[in-house]
Amino acid sequence: MIKKIVLLFTIIVLASCSSSKPAVATTKKATVQKPRVATTKKPAYNKPVKNYPSTNNTTEVIQSTSKTVVTSDLINNYILQFKDIAMGNMKTYGIPASIILAQGILESGAGKGDLAIEANNHFGIKCHKDWLGESVRHDDDSAQECFRKYPEAAESYKDHALFLVGKNRYATLFTYEKDDYKSWAKGLRAAGYATDPNYPDKLISYIERYNLHQYDCQVTGKNYTPISKTTASSSKNTTPVKNTNLNDPNLYEVQQGDTLYSISKKFNLLVDDLKQKNNLTDNAISIGQRLKVK
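(A) Here's a closer look at the packing of helix 3 (residues 72-93) against helix 4 (residues 97-108). With their axes 8 Å apart at the nearest point, helix 3 and helix 4 run at an angle of 135° to one another. With respect to their mutual orientation, helix 3 and helix 4 come out oblique. Seen along the crossing, helix 3 lies across helix 4 with a hand that is right-handed. Contacts between helix 3 and helix 4 involve Ile-75, Tyr-78, Ile-79, Phe-82, Lys-83, Ala-86, Met-87, Asn-89 and Met-90 from the first element and Ala-97, Ile-100, Leu-101, Gly-104, Ile-105 and Ser-108 from the second. Grouping the amino acids of the contact of helix 3 with helix 4 by side-chain chemistry returns 11 nonpolar, three polar and one charged.

Here is the structure:
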């Protein structure tokens, strides 16, 4: 009888031990799983992008192959982005860097125009018969004209140089001094690069307002004296307003350092009113230009 009791007790002990083991194994597996630790830490590395507002940032409209609203900061950034390419092309092909940059600003809307965005075309160059690359259609002088398309903006700058060098009608340009941007601006219009009669004035205005001639001087090694707007405005305060006709107070001749804003303040006008009086589509003005002010 005692042997049966001992045997029964032993069976009960063994059964209880074997039934408890799976529970121990299960609890260990649950504590090992850590699937969400990595995902909770990732968002900490996504830092927000900060926008820094600019000061004294004027707005203007550039009208070329498309109408584009830009700011002075945007134009300055465009110049910084492409000045080295422009100077490189000046060294290689003899085209003033100031002219290259001014044309780029005007034709591409400082990189924000339709052709610049869609086709990396920064100079408004049309296909012509000798173009074998890609193209896009865009309204210009006529509807849906063919314009060249480039894989990147740098290719547009190179093709612009090759375009001027390779066309006989632009040969006269290369008889001018490399840094004579005024003759180049007028020569481009005379050779038929643009149909806008104010094209030279617009190029010269950008060159002088944004001191683009300094890049010509960096290539030629000549000294460059930047145009001081402060000096120009202070000198105008001590001299009478210059008119094209002393008996006609309604006209004003643009002086060095003038902007539409400074002229509008001088004659108590709004910039928009001044543009409307003179049929201006953008804020580009040039020295010697005669404006209606009354």
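From this point, things continue past the structure.
(B) Region of interest: the packing of aromatic side chains. Within this structure, the stated rule accounts for 11 aromatic pairs. Ring plane angle 85° and centroid distance 6.4 Å describe the contact between Phe-163 and Tyr-193, whose orientation is recorded as edge-to-face. Placement of Phe-163 in helix 6 (residues 153-166) and of Tyr-193 in the loop between helix 7 (181-190) and helix 8 (199-209) is noted, with a sequence separation of 30 residues between them. Each member of the pair, Phe-163 as well as Tyr-193, carries the same accessibility label: buried. Every member of this aromatic cluster is reached through a ring pair, and the members are Tyr-78, Phe-82, Phe-123 and Tyr-157.

(C) Spotlight on helix 6. Compared with an ideal rise of 1.5 Å per residue, which puts 14 residues at 20 Å, helix 6 spans 20 Å between its outermost C-alpha atoms and is within 8% of the ideal. On its buried side, helix 6 packs onto helix 3, helix 4, strand 4 (145-148) and helix 7.

The rules behind these values
Residues numbered from 1 in each chain as written. Predicted model: local features only at pLDDT ≥ 70, side-chain atom pairs only at ≥ 80, totals over all residues. Heavy atoms only, no water. Axes fitted to C-alpha atoms, helices over the stretch in contact; angles between N-to-C directions. Helix = DSSP H or I, 4+ residues; strand = E, 2+ residues; numbered from the N terminus. Parallel < 35°, antiparallel > 145°, perpendicular 65-115°, else oblique. Left-handed = near helix turned anticlockwise from the far one by under 90°. Contact = heavy atoms within 4.5 Å. Nonpolar A, V, L, I, M, F, W, Y, C, P; charged D, E, K, R; others polar. Phe/Tyr/Trp six-rings, centres within 6.5 Å; stacked < 30°, edge-to-face > 60°. Buried < 20%, exposed > 50% of the residue type's maximum accessible area, 1.4 Å probe, protein only. Expected span 1.5 Å × (residues − 1).

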